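# Examining the three-dimensional arrangement
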Amino acid sequence: MLSLTALILIYSTIIVPDNYKTIQEAVINASQDDTIIVSEGSYKENISVTKPISIISSKGPDYTTVRAAVASEPVFKVSNADHVKISGFTVTGSTLSGIYLYNSNNGTISNNKTVKNGSGIVLYSSSSNVLTGNSADLNEKYGIYIESSHRNTLGKNSANSNSDKGIFLSSSNNNNLTDSSVNNNTWNGIILWDSSNNTISNNKVWRNRFGIVISGGGNNTLINNSTWSNIYIVMPL
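Fair warning: this is a prediction, and the values are worked out from it, not measured in the lab.

What follows concerns the overall build of the protein. Check the secondary structure of the protein and you find two helices and 22 strands. Against the globule reference of 18 Å for 237 residues, the protein gives a C-alpha radius of gyration of 18 Å, in line with a compact fold. For the C-alpha atoms alone, the extent of the protein along its principal axes is close to 60 × 40 × 25 Å. Scored against the burial criterion, the 237 residues of the protein give a buried share of 51%. Residue pairs at least 24 apart in sequence account for 31% of intrachain contacts in the protein once pairs closer than 6 positions are excluded. Separation between the mean location of the 16 positive side-chain charges and that of the 15 negative ones in the protein comes to 7 Å.

This is how it looks when you write it as structure tokens:
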């Protein structure tokens with residue numbers, strides 16, 4: 001059995017700004033499976049994550065904002081790293097994406113407000129992740145964009161008032177999208193493009209130009225979605 005000292009050495013908690021002044025500095029110095037707790041405040045930086053760690057705000061998104069220092073880069077970029085958790089931030093100011101996962105699996109993105117970015121949350125070649133309780137609103141393109149990513153679970157998110165589409169799945173299969181609000185987007189609420197075997201259930205998709213659009217792919221399941229005041233379209237190609 002490991003001693004308490006050994007456990008502390010294996011799994012550490014790092015406090016920003018007490019232990020490190022910036023989140024990125026904490027990430028660089030963190031070991032695998034460490035937890036970084038970010039105190040309330042406003043942080044101007046771009047954070048690159050390449051190891052399995054958790055980054056959690058101490059008081060939630062209403063009290064902890066991360067704004068892009070370099071607008072052309074994501075605020076949080078997770079690359080080639082599994083089991084990453086990002087929770088409890090307002091994430092803003094990137095012309096690309098608030099939170100971007102590339103080739104990263106089994107992560108958790110929860111309770112974030114990704115607002116006023118190019119896109120709110122982007123998954124590319126990233127599978128078996130959980131996105132829950134996020135607000136992906138008021139972005140210039142998409143609220144949530146998922147490409148070549150499979151078996152992800154999206155629940156209780158919002159993707160509202162984005163300037164293009166609310167939630168966009170492209171070439172992505174076996175995803176589960178449920179209990180979300182996708183309202184007042186300029187074009188599509190939810191679009192599945194060349195995507196198959198996805199389940200779209202119990203979502204409110206209101207007041208978009210088009211409600212739910214399916215183009216290509218097959219065997220998608222739509223259950224109990226509310227599409228009031230949309231044009232509900234299924235487009236086979």
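A few words now on the pairing of strand β6 (residues 64–67). Because side chains alternate across β6, one face comprises the buried residues Thr64 and Val66, and the other comprises Thr65 and Arg67, none of which is buried. Two elements, strand β3 (residues 41–44) and β6, share four bridges in a ladder whose sense is parallel. By the bridge assignment for β6, serine 42 is matched with threonine 65. Two strands pair when backbone bridges link them, and β6 and strand β9 (residues 90–92) are joined in this way by three bridges, in the parallel orientation. Opposite threonine 65, over in β9, you have threonine 90 as the bridge partner.

This next bit is on the confidence of the model for the protein. The predicted structure's coordinates, where accompanied by low pLDDT, should not be read in detail. Across the protein, pLDDT averages 93, with 92% of residues at or above 70. Low pLDDT, under 50, characterises residues 1–9; the predicted model gives this stretch two contacts beyond four residues in sequence or across chains. Here residues 233–237 is a poorly scored stretch, pLDDT under 50, and it has 14 contacts once near neighbours within four places are set aside; other chains count.

Attention now moves to unusual backbone geometry. With an omega of 5°, the peptide bond running from valine 16 to proline 17 counts as cis. Relative to the helices and strands, proline 17 resides in the loop between β1 (13–16) and α2 (23–29). The backbone of asparagine 184 shows a phi angle near 60°, a positive value even though the residue is not glycine. Counting through the fold element by element, asparagine 184 comes out in the loop between β18 (176–178) and β19 (188–193). A positive phi angle is found at asparagine 197, which is not glycine, with a value near 60°. Classification of asparagine 197 as partly exposed rests on a relative accessible area of 35%.

For glycine 143, the position within the fold is in strand β15 (residues 142–147). In the structure, glycine 143 is positioned 131 residues away from serine 12 in sequence and 33 Å away in space, judged by C-alpha atoms. In this structure, glycine 143 is in contact with Ser119, Gly120, Ile121, Ala136, Ala159, Asn162, Lys165 and Gly166, ignoring residues within four places of it in sequence.

What counts and how
Residues numbered from 1 in each chain as written. Predicted model: local features only at pLDDT ≥ 70, side-chain atom pairs only at ≥ 80, totals over all residues. Heavy atoms only, no water. Helix = DSSP H or I, 4+ residues; strand = E, 2+ residues; numbered from the N terminus. Rg over C-alpha atoms; globule rule 2.2 N^0.38 Å. Buried < 20%, exposed > 50% of the residue type's maximum accessible area, 1.4 Å probe, protein only. Contact = heavy atoms within 4.5 Å. Lys, Arg positive; Asp, Glu negative; His and termini not counted. Charge placed at Lys NZ, Arg CZ, Asp CG, Glu CD. Pairing = 2+ DSSP bridges. pLDDT = per-residue confidence, 0-100.

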